[in-house]
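# Fold and geometry: a report
This is what each chain is made of:
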Amino acid sequence: MAGPNDEPSRTIKAFSGEAYPGLDPGWEPVRRRKRVKRSSEMTSAAMTKTSTGNFFEDFRIGQMIRHATPRTVTAGDVALYNGLFGPRFAVQSSDAFAQLIGYPRAPVDDLLVFHIVFGKTVPDVSLNAVANLGYAGCRYLAPVYPGDTLTAVSEVIGLKENSSRQTGIVFVRSTGFKQDGGKVLEYVRWVMVRKRDQKAAAPGDHVPRVPEAVLPATLGDACPPIDAGAYDVTLAGSPYRFDDYAVGEKIDHVDGVTVEEAEHQIATRLYQNTARIHFDQFSAAQGRFGRRLIYGGHVISLARALSFNGLANGFHIAAINGGRHVSPLFAGSTVFAWSEVLGKAELPGRADVGALRLRTVACRDHPCADFPLKSGNEDDPAVLLDLDYWVLMPR
Amino acid sequence: MAGPNDEPSRTIKAFSGEAYPGLDPGWEPVRRRKRVKRSSEMTSAAMTKTSTGNFFEDFRIGQMIRHATPRTVTAGDVALYNGLFGPRFAVQSSDAFAQLIGYPRAPVDDLLVFHIVFGKTVPDVSLNAVANLGYAGCRYLAPVYPGDTLTAVSEVIGLKENSSRQTGIVFVRSTGFKQDGGKVLEYVRWVMVRKRDQKAAAPGDHVPRVPEAVLPATLGDACPPIDAGAYDVTLAGSPYRFDDYAVGEKIDHVDGVTVEEAEHQIATRLYQNTARIHFDQFSAAQGRFGRRLIYGGHVISLARALSFNGLANGFHIAAINGGRHVSPLFAGSTVFAWSEVLGKAELPGRADVGALRLRTVACRDHPCADFPLKSGNEDDPAVLLDLDYWVLMPR
Amino acid sequence: MAGPNDEPSRTIKAFSGEAYPGLDPGWEPVRRRKRVKRSSEMTSAAMTKTSTGNFFEDFRIGQMIRHATPRTVTAGDVALYNGLFGPRFAVQSSDAFAQLIGYPRAPVDDLLVFHIVFGKTVPDVSLNAVANLGYAGCRYLAPVYPGDTLTAVSEVIGLKENSSRQTGIVFVRSTGFKQDGGKVLEYVRWVMVRKRDQKAAAPGDHVPRVPEAVLPATLGDACPPIDAGAYDVTLAGSPYRFDDYAVGEKIDHVDGVTVEEAEHQIATRLYQNTARIHFDQFSAAQGRFGRRLIYGGHVISLARALSFNGLANGFHIAAINGGRHVSPLFAGSTVFAWSEVLGKAELPGRADVGALRLRTVACRDHPCADFPLKSGNEDDPAVLLDLDYWVLMPR
């Protein structure tokens, strides 16, 4: 199977800016008093046992990081995810529906799997992040069912110090595994990480090529062969199958959903994602935004759930080509979304499903009937997320 | 078994007003920009795929609507429901308790089943609703256990255009099924729905008779025969059995619970209920109330959980005779409740349980020691809900 | 096995003050209108069926109280607990990890078990509490797994009227059981309870001796023998095992988490804890604080989850020696925590795990790099919780 580096690639230029321009100061947590202990307090074992996460100079090209904490996904996680986002895709919602088309039971929502794997990487990769710059080459490799236990490993595949010497970009390829050792998910991510010491030498200087998009031929590993004839479009909520969508078609998902602090905190903890900026209002109050920043993945899940209205049969996210968190989301805002069909592809050897390449754009406090995206050459100020991904749809 | 129309009926007059007088403008979502695409954007498949729901003129008498999305109920849903409402009825709380009296395991809370079935009907029946006018003839027909998959079908049994010609009342009989095809729940509901086009012809003119109350002889299908002697009243939380209650008795449930936005949103999404007015503060801010309206079923579940204090052994809702959402609830309010025993009935051939007909009244920011209901001829302004239902209680 | 009273004991003097000095008026719920019914409403069965809880004069030394409501703990409860607190201890998070070291599957989080057992005691013991004064001798006696059903029994072991004659202290030994009759948890708790009638005679006058700390020899019943060699410290999130900790060592857990009203309400309802002060803003608005008071156990769970950063391998709480809720927590505050190693102990006959005695201190809106505890002879005003407990850690 082709790896991401074998595919048409984009250069990092397009993503070398910060996700949110000028964001740096805002992400800095409150400067804590120095954690040096007085000698009277020191014992032989008194070195701090608190993890402070890795800083830019701590990474090395080729480094493999096995992440804590293994996590058994349960029907409880699925229920809470449903309560927080309200997805309605029939395959994930109903064991009976899933079994009728060929799954052993309802699989776990693809984004819940992503968030859990991603969450594991945070304490090692992005606890000292300034900005989450981008994703690429995210592919789903096996379905996950309640009872499966997920673990994650990241390989450092690139490092690039910024000219300020205060931060650098870390590129990792993260892989999620289940208990049998099989891969369930892999993706490349790059993130701007602070240096502990500005004068420290850069630990490497290599910008990897990342794929412009996941090749259709590599899609579908996480979707068993399905009986598309047994797929009941009425129960699924929409008559539109793969052949009914056209490249260039735009869909307003109409509905809006307002986000509460409790909701994004519960979600982000469910993934065991420990990034402090999502939880600590005391420190955030003294930062640039004055607010807790909502985990970017929360916006992805909201947009995916909203996209049901118009894309109800796009039941499986097979890959994420890339995405930008264009602006930050805070509690109290209402999220709307629209999508455009960027491409269509048949999967080699499969007549059961086809792949739609979608751009889904999420906006803040702005219904999307006018498909907001750009304002001149700039991003429309309402845009939160611009996500490029492949979904599978029955034919 | 007798159908609702075979039973003593009430006329619709009593319910022909709007649930919340003068509510109409408030429920209107923000008028969206026209969703017409420019011709340059049009493709052969570019008709909108977004469901806009049915308008009054889209319904036909006798129409059968199979609803999306099938939903497997899990122990996760039960846990989240417990966290959101805090019910303490022993049968639903404990597998061990349920098994001791004759259930195979703890059944799913009756109202969780109702909300899930109801939620499925929303995208087809009430997405364009102005007001939810009433329920009748709601009967539970089989117990639901974690692992069961629920689906729903509605039959349009009545249509009545309003004199304004801007709206009409739609009557449906909705039925919930589980995966084996057995019915778990049925009820009649009527709802005022907007017309898309005021000039459209009325699609029918028939007001069905709805039952005044569910007949006792038809109760109990969802409650297996229980061993009332094995029912441990100490573990269940109250010494009072069926024979200890008297018609006319009133019970103040004492406790109050304040509702948060995150709570009702999580609950309503858990049911996959997509009614926009519960989730979209951006649009609500421009409406009559300026607030997200809380799903009426949320009040029912709060009142039911509060009613444990005084009705702890009324472990199963066998039927809902009718109910009125007297006034809307918004986050930040505190809900109190009281109940009155309206009637008592033995079930033919059953010595294990008896049926109490209850009126449970929920109030906003008003403790219920004085049993608020009417203020002269008007509803007491504190009243949120006036619910008439049957519970089963061990003898 | 030694009972708490066989162990070195402390006198009640140290705990005879109120938990929050001067708190009494604040905990008083709004005085309700008298719940006396007019005679016209009275029927033979019309005595109130609402439980008003026990008042101080209702208790008797030696009284055994079997509490409602039995509760089957499920994977759904675990998921919701995870979403609310974000614990990352590998043993509880992963079936695969737990099985590798010798558990049949991942056990339920120890504090979730505590809260559920504690919650059952509230309607009988502390519905009329003025202040929750202290805990002692809390030991975990068997692991709990999803599917187990928990019940609780309390024995009244002490009673002491306060000089005001308006309140008295009730001492109970509460025990949690699972469906097979085995004990899972026991603890002593004392709580100040209002009298219904100030003139009522005191129902007893006995202050039991409570243990200063649980003896190490009695720890570990809820932890099966584990294969410490199979315990993967990388997956668990920290290289530090039992031998790496030294008495006197202090650890700042660094992270802060802000608490929302919806979160603590959902958590507290999940435990079926009915204490009104946590849920009823209408009544609280007229009390001393003007706010809903957050369940003290919420702070314990937050502190435990935060303590992962520095104590990741302290996977099992074996006992709670005692604890003080130093000041109340309200929504909107951010909780930080630090810990000190108070002692270390080997467990007789066990080479797999050792016990660390920890003090964990939680603070409000105050990062803990300076280990806040006292301000002169007074409690530091930031301190919420001072908890003394034993955790097991692999050797």
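Given the structure is predicted, the values throughout are model-derived calculations rather than measurements. Per chain, residue numbering runs from 1 following the sequence as it is written. Both sets of labels track the order of writing: A upward for chains, 1 upward for ligands. Only residues with pLDDT of 70 or above have their local features reported here, since the model is predicted, and side-chain atom pairs are shown and tallied only from 80 upward, although totals for entire chains, interfaces and linings are computed over all residues. With hydrogens and water stripped out, all remaining heavy atoms of the structure feed into the side-chain values.

### What about helix 7 (residues 261-270) of chain B?
Under the convention used in this document: Each residue is assigned to one of three classes by its accessible area relative to the maximum for its type, calculated with a 1.4 Å probe on protein chains only: buried under 20%, partly exposed between the two thresholds, exposed over 50%. Helix numbers and strand numbers start at the N terminus; a helix is a DSSP run of H or I with at least 4 residues, a strand a run of E with at least 2.
Most of helix 7 of chain B is tucked away: ten of the ten residues are buried. Those residues of helix 7 of chain B lying buried are Glu261(B), Ala262(B), Glu263(B), His264(B), Gln265(B), Ile266(B), Ala267(B), Thr268(B), Arg269(B) and Leu270(B).

### Re the pairing of strand 12 (residues 350-364) of chain A
All names here are of chain A. Filter applied, for reference: Only strands joined by at least two bridges in the DSSP assignment are considered to pair.
A large share of strand 12 lies buried, amounting to twelve of its 15 residues. Bridge count for strand 11 (residues 334-347) against strand 12 is twelve bridges, and the pairing is antiparallel. Bridge pairing in strand 12 places Glu-340 opposite Arg-359. In sequence, strand 11 turns back onto strand 12 through a hairpin of two residues, with Gly-349 there showing a positive phi of about 80°.

### Quick look at the interface of chain A and chain C
For the record, the criterion: In this analysis, two residues are considered to be in contact whenever any of their non-hydrogen atoms come within 4.5 Å of each other. Buried area, as used here, totals the accessible surface that two parts lose on assembly, with accessibility defined by a 1.4 Å probe and the loss added over both. Polar contacts, as used here, are pairs of N or O atoms within 3.5 Å; protein pairs need one atom able to donate a hydrogen and one able to accept it. Residues neighboring in sequence count only if both atoms are side-chain atoms. Classification convention: Asp, Glu, Lys, Arg as charged; Ala, Val, Leu, Ile, Met, Phe, Trp, Tyr, Cys, Pro as nonpolar; all other residues, Gly among them, as polar.
Tallying the contact residues gives 43 residues for chain A and 52 residues for chain C. Roughly 3800 Å² of surface becomes buried between chain A and chain C when both sides are summed, with 56% attributable to carbon and sulfur atoms. At the boundary of chain A with chain C, the tally comes to 21 residue pairs in polar contact (both at pLDDT 80 or more). Elements that contribute at least two residues to the side of chain A that touches chain C include exactly strand 2 (64-72), helix 2 (75-85), strand 4 (149-161), helix 7 (261-270) and helix 8 (281-284) of chain A. Of all the elements, strand 2 of chain A adds the most residues to the side of chain A that touches chain C, at seven residues. Across the side of chain A that touches chain C, the residue classes tally to twelve nonpolar, 17 polar and 14 charged.

### Section: the pattern of salt bridges
Note the cut-off: Salt bridges are counted wherever a side-chain nitrogen of Lys or Arg sits within 4 Å of a carboxyl oxygen of Asp or Glu.
Here the structure, examined in full by the defined rule, presents 60 salt bridges over all chains. The shortest N-O distance in the salt bridge between Asp352(A) and Arg350(A) comes to 2.9 Å. The exposure class assigned to Asp352(A) is buried, which follows from its relative accessible area of 10%. The partner of Arg66(C) in a salt bridge is Asp232(B), with the nearest N and O atoms 2.7 Å apart. Highlighted residues: Arg66(C) in strand 2 (residues 64-72) and Asp232(B) in the loop between strand 7 (210-211) and helix 6 (233-236), drawn from two different chains. One connected set of salt bridges, linked through shared partners, spans Glu260(A), Glu261(B), Arg291(B) and Arg292(B).

### Things to note about the packing of aromatic side chains
We count it as follows: Here is the rule: rings of Phe, Tyr and Trp (six-membered ring for Trp) pair when centre to centre is within 6.5 Å. Planes less than 30 degrees apart are stacked, more than 60 are edge-to-face, and the remainder are tilted.
As enumerated under the stated definition, the model contains 48 aromatic pairs over all chains in all. With a centroid separation of 5.8 Å and 80° between ring planes, the pair formed by Phe336(B) and Phe282(C) is classed as edge-to-face. With Phe336(B) in strand 11 (residues 334-347) and Phe282(C) in helix 8 (residues 281-284), this pair bridges two chains. Taking relative accessible area as the criterion, Phe282(C) reaches 24% and is therefore assigned partly exposed.

### Here's the deal with the environment of Val130(C)
Residue and element names in this part refer to chain C. Tracing the chain through its elements places Val-130 in strand 3 (residues 129-140). On the basis of relative accessible area, Val-130 is assigned to the buried category, the value being 0%. For the pair Val-130 and Arg-364, spaced 234 residues apart in the sequence, the C-alpha separation amounts to 22 Å.

### Some remarks on the interface of chain B and chain C
The interface of chain B with chain C comprises 52 residues on the first partner and 43 residues on the second. In this assembly, chain B packs against chain C so that about 3800 Å² is buried in total across both faces, 56% of it on carbon and sulfur atoms. The interface formed by chain B and chain C holds five salt bridges in total. For the salt bridge of Glu249(B) with Lys49(C), the shortest nitrogen-to-oxygen distance reads 2.4 Å. Applying the counting criterion to the chain B and chain C interface returns 21 residue pairs in polar contact (both at pLDDT 80 or more). Per-element accounting of the side of chain B that touches chain C gives the leading share, eight residues, to helix 2 (residues 75-85) of chain B. Here the side of chain B that touches chain C is composed, by residue class, of 26 nonpolar, 14 polar and twelve charged.

### Quick word on the packing of helix 7 of chain A against helix 7 (residues 261-270) of chain C
Between two packed helices, the angle of one axis relative to the other and the distance separating the axes together describe the packing. Inclusion rule: All axes here are fitted lines through C-alpha atoms, helices being fitted over the stretch that makes contact, and every angle between N-to-C directions spans 0 to 180 degrees. What sets the label is the angle itself: under 35 degrees gives roughly parallel, over 145 gives roughly antiparallel, 65 to 115 gives roughly perpendicular, and the rest give oblique.
Contact geometry for helix 7 of chain A and helix 7 of chain C: axes closest at 8 Å, N-to-C directions at 60°. It follows from the interaxial angle that helix 7 of chain A and helix 7 of chain C lie oblique. Of the residues in helix 7 of chain C, those in contact with Glu261(A), Ala262(A), Gln265(A), Ile266(A) and Arg269(A) of helix 7 of chain A are Ala262(C), Glu263(C) and Ile266(C). Partitioned by chemical class, the residues of the contact of helix 7 of chain A with helix 7 of chain C number four nonpolar, one polar and three charged.

### Re the relation of the copies chain A and chain C
Heads up, the rule is: Least-squares fitting of one copy onto the other uses the C-alpha atoms of those residues that reach a pLDDT of at least 70 in both copies.
Of the two same-sequence chains, chain A is brought onto chain C (RMSD 0.0 Å, axial shift 0.0 Å) by a rotation of 120°. Given the turn and translation reported, the copies of this chain are related as if by a three-fold rotation axis. Across chain A, the smallest distance between a C-alpha and the rotation axis is recorded for Gly76(A), namely 2.1 Å. An overlap of only 9% is found between the interface residues of chain A and their copies at the interface of chain C, pointing to separate contact surfaces.

### Describing the side chain of Asn82(C)
Turning to its location among the elements, Asn82(C) is positioned in helix 2 (residues 75-85). Residue classification places Asn82(C) among the buried residues on the basis of a relative accessible area of 10%. Filtering out sequence-adjacent residues up to four positions away, Asn82(C) remains in contact with Arg71(A), Arg269(A), Leu270(A) and Pro87(C).

### A closer look at unusual backbone geometry
All names here are of chain A. The omega angle of the peptide bond from Ala-68 to Thr-69 is 0°, so this bond is cis rather than trans. One can find Thr-69 in strand 2. Its identity is not glycine, yet Arg-165 carries a phi of approximately 65°, on the positive side.

### Here's the deal with the pairing of strand 5 (residues 167-178) of chain B
Residues and elements named next belong to chain B. Most of strand 5 is tucked away, with eleven of its twelve residues classed as buried. Two strands pair when backbone bridges link them, and strand 4 (residues 149-161) and strand 5 are joined in this way by eleven bridges, in the antiparallel orientation. Residue pairing in the sheet places Thr-151 in a bridge with Phe-177 of strand 5. Count of turn residues in the strand 4/strand 5 antiparallel hairpin: five residues, of which Arg-165 carries a positive phi of about 65°. Here eleven bridges tie strand 5 to strand 6 (residues 183-194), and the two strands are oriented antiparallel to one another.

### Description of the confidence of the model for chain A
All names here are of chain A. Convention followed: Per-residue confidence from the predictor is given as pLDDT, running between 0 and 100.
In this model, chain A carries an average pLDDT of 89, and 88% of its residues clear a pLDDT of 70 or more. The model gives residues 1-46 a pLDDT under 50, and that stretch makes 104 contacts with residues more than four places away or in other chains. Both scores are given for the predicted complex: the pTM is 0.92, the ipTM 0.91.

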